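# A structural walkthrough
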Amino acid sequence: MSEDKGWKSPYLLLTVTMLLWGSAFSSSKSVVAQLPHTVAALLRFGGGAIALLAAVAVFGKPAAAPASARGGGRRAALAGVLGVFAYNGFFFWGLSLAPSLDAGIVIPVLSPVLTSAFLLVTGRERASGGRLAGLALGLAGAVVFFFGAGGSAHGGTTRLSGDLLYLLSAVCWAAYTLIGPRVLAGTDPLRATTYATCAGAVLLGVLAAPDLGEVHWDGLPAGLWLNVVFLAIGPAAVANLLYYRGVGTVGPASASLMMFMVPVVNTVCAMAFLDESFGGLQALGALVLLSGAVLAVTRGRVPARPRARTAPTAGKKPSEL
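All of these numbers come straight from a predicted model, not from anything done at the bench.

Scoring rules and cut-offs
Residues numbered from 1 in each chain as written. Predicted model: local features only at pLDDT ≥ 70, side-chain atom pairs only at ≥ 80, totals over all residues. Heavy atoms only, no water. Helix = DSSP H or I, 4+ residues; strand = E, 2+ residues; numbered from the N terminus. Buried < 20%, exposed > 50% of the residue type's maximum accessible area, 1.4 Å probe, protein only. Contact = heavy atoms within 4.5 Å. Areas by Shrake-Rupley, 256 points an atom, 1.4 Å probe, with all protein chains shown as cover. Core = buried A, V, L, I, M, F, W, Y, C linked by side-chain atoms within 4.5 Å. Axes fitted to C-alpha atoms, helices over the stretch in contact; angles between N-to-C directions. Parallel < 35°, antiparallel > 145°, perpendicular 65-115°, else oblique. Left-handed = near helix turned anticlockwise from the far one by under 90°. Nonpolar A, V, L, I, M, F, W, Y, C, P; charged D, E, K, R; others polar. Phe/Tyr/Trp six-rings, centres within 6.5 Å; stacked < 30°, edge-to-face > 60°. Salt bridge = Lys/Arg side-chain N within 4 Å of Asp/Glu carboxyl O. Expected span 1.5 Å × (residues − 1).

### Focus on the overall build of the protein
Counting its regular elements, the protein contains eleven helices and zero strands. Ordering the α and β elements of the protein from the N terminus gives α-α-α-α-α-α-α-α-α-α-α. In the protein, which comprises 321 residues, the proportion classed as buried is 51%. Considering only intrachain contacts with a sequence separation of at least 6, the fraction spanning at least 24 residues in the protein is 90%. Working note: accessible area of the protein is about 14,300 Å², and carbon and sulfur atoms make up 69% of it.

Okay, structure coming up:
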């Protein structure tokens, strides 16, 4: 059977990845509803670090030469300060103030807009008409979305504050994406992600330390622990493994388009399981932002599939949630 068909199809692997990442927002919100946001972040990414260490032991490529491995590990750990610690510190703080519905729009949709804007401003990519139009649409949609968060009947100053924290998360993720190829050069992507997650989890532990004593651990329901296990194993470990395999076949351009499934999946989960909703103005802003992000990423063209299957280049960090 061809790898393009059946359970090994790269698009099936990527679809499962987006389902896992899309469901992580509302799942994280349900944990934050029962625990301090700092502790919730620690449980998710502490567990994720353990799951990824296990994944490296089973699926990881052999480590590089000792000196090279140490250098790559240090660079990946430093990247984890930004992409795991800072990103998730803002994200889980935002979850304590605003619906997960907003996070699933702001972070995965605005991050590529911010990344594209930086690349254009610094001259690292050319300013095509399609990309400029997409950026203008995306930024306009973001303004409408945030205005709706603060001014609609469904919003308020607390929700707006949470959405601004999500914006900071998006900035951190865009920066992490931009520095990834240089910082993680020469390191297996799975191993680099594990180093980054472990470093970020340690710092999240330091941040959560003052709140750990406030948690009544013996009174936590079994459902919460099941949720934490899902977040650690599913979105953190399994999704990354599937994404690496999928992007190696279809290429990063096609894989990045599938990232736009994430806000759709998150919207369904947040409305179905948490009874969250948008105001009309926020919904309009979300649609404009999503349209602009797609246009900015694709430049008005659907990326062609690579002719030959290739493994992800060492140091190339694929976009992830």
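### Quick word on the environment of Leu132
Along the polypeptide, Leu132 turns up in helix H5 (residues 129–151). A C-alpha to C-alpha distance of 8.4 Å links Leu132 and Arg299, two positions 167 residues apart in sequence. Those residues in contact with Leu132, other than ones at most four positions away along the chain, are Leu120 and Ala127.

### Some remarks on the side chain of Asn227
Positionally, Asn227 belongs in helix H8 (residues 222–250). The class of Asn227 is buried, set by a relative accessible area of 17%. For Asn227, the contacting residues outside a window of four places in its chain are Ser27, Ser30 and Val31.

### Some remarks on the nonpolar core
The nonpolar side chains of a soluble globular protein tend to be buried with one another. In this structure, Leu35, Phe91, Phe92 and Tyr166 are the most contacted members of the largest nonpolar core, which totals 62 residues. Looking at this core element by element, the count peaks at nine residues for helix H4 (residues 100–121). Not counting residues within four places of it along the chain, the set of residues in contact with Phe92 comprises Ser28, Val32, His37, Ala40, Ala41, Arg44 and Phe45. Counting seven residues, the second largest nonpolar core, distinct from the first, contains Leu52, Val56, Ala237 and Leu241.

### Remarks on the packing of helix H1 (residues 10–32) against helix H2 (residues 37–59)
Direction vectors running N to C along H1 and H2 enclose 130°, while the axes themselves pass 9 Å from each other. As judged from the angle between their axes, H1 and H2 are oblique. The crossing of H1 and H2 is right-handed. Of H2, the residues touching H1 (which contributes Ala24, Ser28, Val31 and Val32) are His37, Ala40 and Arg44. Residues belonging to the contact of H1 with H2 are distributed by class as follows: four nonpolar, two polar and one charged.

### A closer look at the packing of H1 against helix H10 (residues 261–273)
As a packed pair, H1 and H10 sit with axes 8 Å apart at the nearest point and diverge in direction by 45°. Here H1 lies oblique to H10, going by the angle between them. Regarding H1 and H10, the two cross each other, and that crossing is right-handed. Facing H1, whose interface residues are Thr15, Met18, Leu19, Trp21, Gly22, Ser23, Phe25 and Ser26, H10 presents Met261, Val262, Val265, Asn266, Cys269 and Ala270. Taken together, the residues that form the contact of H1 with H10 break down as nine nonpolar, five polar and no charged.

### Concerning the packing of aromatic side chains
Following the criterion strictly, the structure yields ten aromatic pairs and no others. Note on Phe91 and Tyr166: the rings are 6.3 Å apart at their centroids and 45° apart in plane angle, and the pair reads as tilted. Remark: Tyr166 occurs in helix H6 (residues 157–183) and Phe91 occurs in helix H3 (residues 66–95); sequence separation between them is 75 residues. The same class applies to Phe91 and to Tyr166, which are both buried. Centre to centre, the rings of Phe145 and Phe146 are 6.0 Å apart; their planes meet at 85°, and the pair counts as edge-to-face. With a relative accessible area of 0%, Phe145 lands in the buried category. Residue classification places Phe146 among the buried positions, given a relative accessible area of 13%. Aromatic ring contacts, followed pair by pair, group Phe25, Phe45, Tyr87, Phe91, Phe92, Tyr166, Trp173 and Tyr176 into a single cluster.

### Brief notes about the pattern of salt bridges
If charged atoms from side chains of opposite charge come close, those side chains can pair. For the structure on display, the rule yields one salt bridge. One salt bridge connects Asp102 with Arg159, and the closest N-O pair in it is separated by 2.7 Å. You can see Asp102 sitting in helix H4 and its partner Arg159 sitting in helix H6, a full 57 residues away along the chain. Residue Asp102 shares its accessibility class with Arg159, and that shared class is buried.

### Re helix H11 (residues 280–298)
Spanning 19 residues, H11 covers 27 Å between terminal C-alpha atoms, matching the ideal 27 Å at 1.5 Å per step. Every buried residue of H11 is accounted for by Gln282, Gly285, Ala286, Leu289, Gly292, Ala293, Ala296 and Thr298. Just past H11, the residue Arg299 takes up positive phi, approximately 55°.

### Some words on H4
For H4, with 22 residues, the first-to-last C-alpha span of 31 Å sits near the 32 Å given by 1.5 Å per residue. The element H4 is extensively covered by neighbouring structure, given that 17 of its 22 residues are classed as buried. Residue Gly123 follows H4 closely and has a positive phi angle near 75°.

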